[in-house]
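One letter stands for each residue in the lines below.
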Amino acid sequence: MSANQGNENGGQDNSTQGASTKQLHKEYRERIISTYRPLHRELYQMTPGSFFVPSFLNAISENTEEGFRNIISEPSPGVLTFDMLQPQFCKMLVDEAENFENWVRETRTRILRPNTMNAYGSVLDDFGMERMLDKLMKDYILPMSTIFFPEVGGATLDYHHGYVVEYGTNRDDHIDFHVDDSEVTLNVCLGELFTGGEMFFRGVRCDKHLDSESESGEIYNYSQVPGRAVLHCGYHRHGALSTTSGHKVNMLLWCRSSVFREMRKYERNATSWCRVCKKEKEEKQRRFSVQRTSSQTDSSSPCFSQTDSCSP
């Protein structure tokens, strides 16, 4: 199985985007915001008590590893799940996304879809939710990623790409095996009624080893539940199986670190987080240790000489 990299449409990665492209996207976004009328304006300002379940807010307030582990399940290494969003918030966000799609059809506005892999869905940042999502990342995801994903820039997240995607009849059916254009990804199912659509995970890999085989402990399928979040490293290879019936809507937040991306330009490998790089390094160290031990044994032998023979 070959892994793709899911990239954001429109080239908005702030670490590589040129000034002219930034300006064009800014103008595109301003045109939408100036004409689109939100259905639920309360979604556009962070209101923690209305957005999040109490257990999540308590853990954020405590801000300790123990507090987070009290609400988190880790069914597979690096896959963190926890209750996060209130049912009413989920419903309102689904309704808002549907309202935006209706506006797009009615006005015949051409929009950028969330990424190169999803044909259905919308970029939340593009119709006014950028500030709210930035606060979500910095105040609610960053405290967790600092503890659980420090090796991939989890402590230095500073910009994001937020969107919703839809699966089901007349929408995307599934999403192929891929990695995200993020350091840390938040994925929350919003609803609605559906069957199928399980996420599947196949281990964390760097660019060089994206298509390497998965080990048995890395293979895991997860059935999503509305309001419950999944948090994982962006380079954790994953996808979604077919949604066999109903309508499934997910909110995703690709959280990025400009510091980590700059550092990666100078790294020769990813031994701190890529499983294959780490194993290659361990094997290299093992071989070096064996060679060194063998050399020391030979040099200390009483029969050792330049001719490798013992004198009578």
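Residues numbered from 1 in each chain as written. Predicted model: local features only at pLDDT ≥ 70, side-chain atom pairs only at ≥ 80, totals over all residues. Heavy atoms only, no water.

By the naming in an unreviewed UniProt entry, the protein is 2-oxoglutarate and Fe(II)-dependent oxygenase superfamily protein, taken from Heracleum sosnowskyi.

Novice: Can you tell me about the overall build of the protein, naming the residues and giving the values?
Specialist: Looking only at helices and strands, the protein has 8 helices and 13 strands in total. Considering the protein as a whole, with its 312 residues, one finds that 48% of them fall into the buried category. Of the roughly 16100 Å² that the protein leaves accessible, carbon and sulfur atoms contribute 49%. (Helix = DSSP H or I, 4+ residues; strand = E, 2+ residues; numbered from the N terminus. Buried < 20%, exposed > 50% of the residue type's maximum accessible area, 1.4 Å probe, protein only. Areas by Shrake-Rupley, 256 points an atom, 1.4 Å probe, with all protein chains shown as cover.)

Novice: Explain helix α1 (residues 19–35) to me, and be specific about the residues and the numbers.
Specialist: With 17 residues, α1 extends 25 Å from end C-alpha to end C-alpha; this agrees with the ideal 24 Å at 1.5 Å per step. Within the span of α1, buried status applies to His 25, Tyr 28, Arg 29 and Ile 32. With its buried residues spanning 95° around the axis, α1 presents them on a single face. The outward face of α1, more than 90 degrees from its buried face, is lined by the exposed residues Ala 19, Ser 20, Arg 31 and Ser 34. Residues of α1 that are buried in the fold lie against α5 (87–107) and α6 (130–148). (Expected span 1.5 Å × (residues − 1). Arc of directions from axis to C-beta. Contact = heavy atoms within 4.5 Å.)

Novice: Let's hear about the pairing of strand β11 (residues 228–233): which residues, and what values?
Specialist: Of all the 6 residues making up β11, 6 are buried; the element is thus mostly covered by neighbouring parts of the structure. With 5 bridges joining them, strand β7 (residues 184–191) and β11 adopt antiparallel strand pairing. Along β11, the bridge assignment pairs Thr 185 with His 232. (Pairing = 2+ DSSP bridges.)

Novice: Describe the pattern of salt bridges, and please don't skip the residues or the numbers.
Specialist: Taken as a whole, this structure holds 21 salt bridges when the rule is applied. Measuring nitrogen to oxygen at the nearest pair gives 2.9 Å for the salt bridge that ties Asp 126 to Arg 29. In this pair, Asp 126 sits in the loop between β4 (121–123) and α6 while Arg 29 sits in helix α1, placing the two residues 97 residues apart along the sequence. Each member of the pair Asp 126 and Arg 29 is classed as buried. Measuring nitrogen to oxygen at the nearest pair gives 3.0 Å for the salt bridge that ties Arg 275 to Glu 215. In this pair, Arg 275 sits in helix α8 (residues 275–299) while Glu 215 sits in the loop between β9 (199–204) and β10 (220–222), placing the two residues 60 residues apart along the sequence. Ionic contacts of the salt-bridge type, sharing partners, join the residues Arg 205, Glu 215, Glu 218, Arg 275 and Lys 279 into one network. (Salt bridge = Lys/Arg side-chain N within 4 Å of Asp/Glu carboxyl O.)

Novice: Can you tell me about the nonpolar core, naming the residues and giving the values?
Specialist: One finds Phe 56, Phe 82, Met 84, Leu 136, Leu 186 and Met 251 to be the most contacted residues of the largest nonpolar core, which totals 67 residues. Those residues in contact with Leu 186 that sit more than four places away from it in its chain are Phe 82, Met 84, Leu 136, Ile 141, Ala 229, Val 230, Leu 231, Met 251, Leu 252 and Leu 253. Counting residues in each nonpolar core, the second largest holds 8 residues, with Met 117, Val 165, Leu 252 and Trp 254 among its members. (Core = buried A, V, L, I, M, F, W, Y, C linked by side-chain atoms within 4.5 Å.)

Novice: If you had to explain the environment of Gly 168 to someone new, which residues and values would you point to?
Specialist: Within the secondary structure layout, Gly 168 lies in strand β5 (residues 159–168). Overall, the relative accessible area of 9% leaves Gly 168 in the buried class. Considered as a pair, Gly 168 and Thr 244 are 76 residues apart in the sequence and their alpha carbons are 6.9 Å apart. Among residues more than four places away in sequence, those in contact with Gly 168 are Thr 243 and Gly 246.

Novice: Account for empty space enclosed by the protein, with residues named and values stated.
Specialist: Enumeration over the complete set of coordinates arrives at 3 cavities of 30 Å³ or more. The calculated volume of the largest cavity comes to roughly 160 Å³. Along the wall of the largest cavity there are 22 residues; nearest its centre are Tyr 167, Ile 175, His 178, Asn 187 and Leu 252. Going through the elements one at a time, β5, β6 (175–180), β7, β12 (236–240) and β13 (243–256) are the ones with two or more residues in the lining of the largest cavity. (1 Å grid on protein atoms, 1.4 Å probe; cavity = no way out; pocket = protein on both sides within 12 Å on 5 of 7 lines; lining within 4 Å. Points joined across faces, edges and corners; volume = space filled by probe spheres on them.)

Novice: Now, about the packing of aromatic side chains: what can you tell me, with residues and values included?
Specialist: Throughout the structure, instances matching the rule amount to 15 aromatic pairs. Geometrically, the ring pair formed by Tyr 36 and Phe 100 is edge-to-face, given 5.3 Å between the ring centres and 90° between the ring planes. One end of the pair, Tyr 36, is in the loop between α1 and α2 (48–51); the other, Phe 100, is in helix α5, and 64 residues separate them in sequence. With relative accessibility at 5%, the residue Tyr 36 sits in the buried group. Among the residues examined, Phe 100 registers a relative accessible area of 1% and is labelled buried. Put simply, the rings of Phe 51, Phe 52, Phe 56, Phe 82, Phe 89 and Tyr 140 pair up and form one aromatic cluster. Over the aromatic face of Tyr 235 sits the side chain of Arg 264, whose NZ or CZ is 5.1 Å from the ring centroid. (Phe/Tyr/Trp six-rings, centres within 6.5 Å; stacked < 30°, edge-to-face > 60°. Lys NZ or Arg CZ within 6 Å of the ring centre and 35° of its normal.)

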